[in-house]
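# Geometric and topological summary
Each chain is listed here by its residues.
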Amino acid sequence: MDGLIDYAGLFPPASLDLTSALDEYGAYLPSADSWMLGRFIIPAADLSKLPILSAAWRFSVLGRSGKDADEFLRNLEVDLADIQAFRQTQPATTDIFEVRLPSDILSFPTKLFNLLNQTSQQITNQHKLTTFYEIPLEDAWRENMAATVATLSQQNEQNSRRSGFKLRCGGVVAHAFPAVEQIAFALLLCRDHRVPFKATAGLHHPIRHYNESVQTKMHGFINVFGAAILARAHNLSLEQTIEILNEEDPRHFDFNESYFAWKNIFATAEEIADARKSQFIAYGSCSFDEPREDMQKLGWL
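One structure accompanies this document, and this report is about it. Per chain, residue numbering runs from 1 following the sequence as it is written. With the structure being a predicted model, the display of local features is reserved for residues of pLDDT at least 70 and the display and counting of side-chain atom pairs for 80 or more, all residues being used for whole-chain, interface and lining totals. Only heavy atoms go into the side-chain values, all of them from the structure, while hydrogens and water stay out.

## Points about the packing of helix α6 (residues 221-234) against helix α8 (residues 269-278)
Inter-axis angles, ranging from 0 to 180 degrees, are taken between N-to-C directions of lines fitted to C-alpha atoms, where helices are fitted over the stretch in contact. Strands here mean DSSP runs of E at least two residues long; helices mean DSSP runs of H or I at least four residues long; both are numbered from the N terminus. Closest axis-to-axis distance for the α6/α8 pair is 10 Å, and the angle between their directions is 110°. Considered as vectors, α6 and α8 are oriented roughly perpendicular to each other. The handedness of the crossing between α6 and α8 is right-handed. Of α8, the residues touching α6 (which contributes I229, R232 and A233) are E271, I272, D274, A275, R276 and S278. Residues are grouped as follows: nonpolar covers Ala, Val, Leu, Ile, Met, Phe, Trp, Tyr, Cys and Pro; charged covers Asp, Glu, Lys and Arg; every other residue, Gly included, is treated as polar. Of the residues that constitute the contact of α6 with α8, the class distribution is four nonpolar, one polar and four charged. Angular relationships are summarised with four words: roughly parallel below 35 degrees, roughly antiparallel beyond 145, roughly perpendicular across 65 to 115, and oblique for the angles in between. Throughout, a crossing is termed right-handed when the near helix is turned clockwise from the far one, and left-handed when it is turned anticlockwise from it by less than a right angle. Should any heavy atoms of two residues lie within 4.5 Å, those residues are counted as being in contact.

## Quick look at the pairing of strand β7 (residues 197-200)
Using a 1.4 Å probe on the protein chains alone, a residue whose accessible area is under 20% of its type maximum counts as buried, one over 50% counts as exposed, and one in between counts as partly exposed. With burial as the criterion, each face of β7 is covered, one bearing F197 and A199 and the other bearing K198 and T200. Sheet topology places strand β6 (residues 164-168) next to β7; four bridges connect them, and they run parallel. Each bridged residue has a counterpart across the sheet, and for K166 the counterpart in β7 is K198. Here β7 runs beside strand β13 (residues 280-285); their pairing, made up of four bridges, is parallel. Across the sheet, the residue bridging to F197 is F280, located in β13. A strand pair is defined by DSSP finding two or more bridges across the two strands.

## A short note on the environment of F86
Here F86 shows up in helix α2 (residues 69-89). With relative accessibility at 3%, the residue F86 sits in the buried group. For F86, the residues in contact, after removing those within four places along its chain, are L47, L50, F59, A92 and T94.

What follows is the structure, encoded as structure tokens:
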């Protein structure tokens, strides 16, 4: 859980205004549970609206993206200019950049490679940012996801910082939640290609369950990151990873200072630390309270 939860209070369903979201994060920083708190997620366009903040503040910046490669590159220049201006006046840290790739290049390996090559070198080598790229989960999601992660793996061999893959795990409507197969496929692709993974949305609660408000089953962050850690430690198959993601009984999970386990599959504290540091980084949540409250109810905090 160390630094696992990036705070996304600006986004649905919380949708706080900037001042309120800053107040929330500022209150969490000195709290007893701040060890679980990651970065404040903010659109690049909002960086200029921030007051001067202390070095304790860390930001993950959302890029503007674009409908096609040309617009994506134009907007990227604006995003990086916003980040550079922020860094010149703020002691706070901006070290993560998140952006959605345009759909029109995903089915064309050469275009995808060229765009990622151009952007990755600029973002990582010149601006010293670790970037997480998101793609839409459309009809050809399997092929597009595989091509994106494989290309990121190639790019990571050439750049000073590794780029990662970002997966959207939910939203405010049922169709925004990906299937467990899609999550499992993403986790194993990132494992096998040694590409960092970050999740966002839909992971307010630790364990998978049916949610009345969105009329669908919501994924649990313990399911997702637990499956990722165990899959890495034991080279689990797609079917085994799906089984962990589908688990709805918290009694089948167990952890203490020495290990994490699902049923009879264990990962040591060392394996957990290695997986979290190098691959399975964090997830964005508009609430920092709900995950902790649920963990407390389960007796895990």
